[in-house]
Amino acid sequence: MGERVIPLTDWRRTAPPLRTASVMPEGPLADTFGRPLRDLRISVTDRCNFRCSYCMPKEVFDTRYNFLPHAELLSFEEITRLAGLFAQVGARKIRLTGGEPLLRKHLENLVEMLAALRTPDGQALDLTLTTNGSLLSRKAATLKAAGLNRLTVSLDALDDAIFQRMNDVGFPVGEVLAGIDKALEVGLGSIKVNMVVKRGVNDTQVLPMARHFRDHYGSAVSLRFIEFMDVGATNGWRLDDVLPSSELLQRLQQEWPLQPVTSGVAGETAERWAYADGRGEIGLISSVTKAFCRDCNRARLSTEGQLFLCLFGTHGHDLRALLRGGASDTEIASAIAHVWAERADRYSEIRGSASAPSSTERRVEMHYIGG
């Protein structure tokens, strides 16, 4: 855990040059398993004001860590251009992530630019954002006015002492809850709260979290429990630290009757359960014990324009080089299509097997491409 990590800029451009064509791709894209491209996650900064152990442990991401200089980041205009091209080849949803995306100055300007994009049939994109909630109280109104549709807030405990230990910067849980209240007040609907559950660290908070969001918000907020994942190479992941969703569900069902909810959304990551009395629902994201790779329709764009095809990826594809090298929209769209057509990622399905990526291949860190 104390090992100095090679800055991402030193190793990420190891992929072969991107193939381009002079003809715009037509029809929906499909990868080698027939999975379409529907969801684009865009990291707008590699910085965060929290130091959660499962994402950016303080021993690694300290004051000496080399974060990207501003000139390396994609500009809002570059992000919007790429997002528009992804929409042309099938993307229907954009999620802004980080790091902590609200640390990016004037993010509402980017939201407004993305909200103006349209699919080939004239539909607006589903525009959402994931945040740790620390700046949400002051940003919610401007984000809503700019055109943000939905919001996901990360919150790993209701008990203030546990939460402050987990974020490792002493940030109080009350300010995150105030941000959620503000988001609801300004009309940001369909709010989801994500709790990463780590056995022996915050699993005592499962029932208090469920009780709080059920009693205070009902169906206005959906709480989702995420199995602790082996993302990146710095979070000290061990299988023993994973609380399986099946065990977590048993804990919840001992307290409240729950009914399964059938989802008609392709690529849905959460298994949904509704409270029998109608007081909202919870979700279970089980990427360790019940992988959902076969339905994954997500691409990830890093802070400085690397296209990753999996949260557990080991290398990206440099779209920024095309952007800043004078490539046309057709050439960039064709490069995206070529990359997606060759996609064969399914790490969670093969984790621990002989066909899993070698441990010598350093996986990308979550703060760099979002969760």
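Residues numbered from 1 in each chain as written. Predicted model: local features only at pLDDT ≥ 70, side-chain atom pairs only at ≥ 80, totals over all residues. Heavy atoms only, no water.

A.B. asks: Explanation requested: helix α1 (residues 76-88) in the structure shown.
C.D. replies: Think of an α-helix as turning once every 3.6 residues; residues three or four places apart then point the same way. A rise of 1.5 Å per residue sets the reference length of α1, with its 13 residues, at 18 Å; its end C-alpha atoms lie 18 Å apart and thus fit the reference within 8%. Residues of α1 that are buried: Phe76, Glu78, Ile79, Thr80, Leu82, Ala83, Gly84, Leu85, Phe86 and Ala87. Positive phi appears at Gly90, one or two residues downstream of α1, with a value of about 135 degrees. (Helix = DSSP H or I, 4+ residues; strand = E, 2+ residues; numbered from the N terminus. Expected span 1.5 Å × (residues − 1). Buried < 20%, exposed > 50% of the residue type's maximum accessible area, 1.4 Å probe, protein only.)

A.B. asks: How should the environment of Phe292 be read in this particular structure?
C.D. replies: As for its placement among the helices and strands, Phe292 is situated in the loop between β9 (281-285) and β10 (298-301). Along the sequence, Phe292 and Ala270 sit 22 residues apart, while their C-alpha atoms lie 9.3 Å from each other. Ignoring anything within four residues of it in the chain, the contact list for Phe292 reads Thr269, Ile285, Ser286, Ser287 and Arg298. (Contact = heavy atoms within 4.5 Å.)

A.B. asks: How do you make sense of the sheet that holds strand β7 (residues 258-261) when you look at a structure like this?
C.D. replies: Hydrogen bonding along the main chain pairs the strands of a sheet, whether they run parallel or antiparallel. Strand order in this open sheet of 12 strands is β7-β8-β9-β6-β5-β4-β3-β2-β1-β10-β11-β12, and the pairing throughout is mixed. Edge positions in the sheet fall to β7 and β12 (317-318), since each of these pairs with one other strand and no more. In the sheet, strand β3 (residues 126-131) pairs with strand β4 (residues 150-154) via 4 bridges, with the strands oriented parallel. Within β4, the residue paired with Thr130 across the bridge is Thr152. Sheet contacts for α1: β1 (39-43), β2 (93-97), β10 and β11 (306-308); angle to β1, the most-contacted strand, approximately 170 degrees. (Pairing = 2+ DSSP bridges. Axes fitted to C-alpha atoms, helices over the stretch in contact; angles between N-to-C directions.)

A.B. asks: I tried to follow the packing of helix α2 (residues 107-115) against helix α3 (residues 136-146) on my own but got confused; where do I start?
C.D. replies: Two measures define how a pair of helices packs: the angle their axes make with one another and the distance between the axes. Running from amino to carboxyl end, α2 crosses α3 at an angle of 20 degrees, the nearest separation of the two axes being 8 Å. Between α2 and α3, the interaxial angle falls into the category roughly parallel. Pair α2 / α3 crosses with right-handed handedness. For the pair formed by α2 and α3, the contact residues are Glu108, Val111, Glu112 and Ala115 on the first element and Lys139, Thr142, Leu143 and Ala146 on the second. Residues that form the contact of α2 with α3 fall into these classes: 4 nonpolar, 1 polar and 3 charged. (Parallel < 35°, antiparallel > 145°, perpendicular 65-115°, else oblique. Left-handed = near helix turned anticlockwise from the far one by under 90°. Nonpolar A, V, L, I, M, F, W, Y, C, P; charged D, E, K, R; others polar.)

A.B. asks: Explain the nonpolar core to me, please; I cannot follow it from the model alone.
C.D. replies: When a protein is soluble and globular, its nonpolar side chains tend to lie buried together. Counting residues in each nonpolar core, the largest one holds 112 residues, and the members touching the most others are Leu96, Phe213 and Phe225. Among residues more than four places away in sequence, those in contact with Phe213 are Leu155, Leu177, Ile180, Val193, Gly218, Val221 and Leu223. (Core = buried A, V, L, I, M, F, W, Y, C linked by side-chain atoms within 4.5 Å.)

A.B. asks: Looking at this structure, I do not really get the packing of helix α5 (residues 173-185) against helix α6 (residues 206-217). What am I missing?
C.D. replies: For the pair α5 and α6, interaxial distance at closest approach is 13 Å and the crossing angle is 30 degrees. Between α5 and α6, the angle falls in the class roughly parallel. Every pair of crossing elements has a handedness; the one defined by α5 and α6 is right-handed. Of the residues in α6, those in contact with Leu177, Ile180, Asp181 and Leu184 of α5 are His212, Phe213 and Tyr217.

A.B. asks: Would you mind going over helix α7 (residues 245-255) with me for this structure?
C.D. replies: Inspection of α7 places Ser245, Leu248, Leu249 and Leu252 among the buried residues, and these make up the whole buried set. Down the axis, α7 shows its buried residues gathered within 100 degrees of arc, on one side only. Along α7, the residues that are exposed and aim more than 90 degrees away from the buried face are Ser246 and Gln254. Check the buried side of α7 and you find it contacts β5 (189-197), α6, β6 (221-227), β7, β8 (271-275) and β9. (Arc of directions from axis to C-beta.)

A.B. asks: What exactly am I supposed to notice about the pattern of salt bridges here?
C.D. replies: Two side chains of opposite charge can pair, provided their charged atoms sit close to one another. Using the criterion set out here, one finds 20 salt bridges in the structure. Arg19 is the partner of Glu342 in a salt bridge, and the nearest nitrogen-oxygen pair spans 2.6 Å. Residue Glu342 is located in the loop between α9 (329-341) and α10 (347-350), and its partner Arg19 is located in the segment before β1; the two are separated by 323 residues in the primary sequence. Of the charged contacts, one joins Arg251 and Asp203 as a salt bridge, the two residues approaching to 3.3 Å between their closest N and O atoms. You can see Arg251 sitting in helix α7 and its partner Asp203 sitting in the loop between β5 and α6, a full 48 residues away along the chain. By relative accessible area, Arg251 is classed as partly exposed at 24%. The class of Asp203 is buried, set by a relative accessible area of 12%. Here the salt bridges share partners, and the residues they tie into one network are Arg199, Asp203, Glu247 and Arg251. (Salt bridge = Lys/Arg side-chain N within 4 Å of Asp/Glu carboxyl O.)

A.B. asks: Help me understand the side chain of Thr119, please; the structure alone is not making it clear to me.
C.D. replies: With respect to the helices and strands, the residue Thr119 is situated in the loop between α2 and β3. A polar contact is formed between the side chain of Thr119 and the side chain of Asp121, at a distance of 2.2 Å. Not counting residues up to four positions away in its chain, the partners in contact with Thr119 are Ala91, Arg92 and Leu125. (Polar contact = N/O pair within 3.5 Å; in protein donor to acceptor, adjacent residues only side chain to side chain.)

Any functional reading would require information that these geometric values do not contain.
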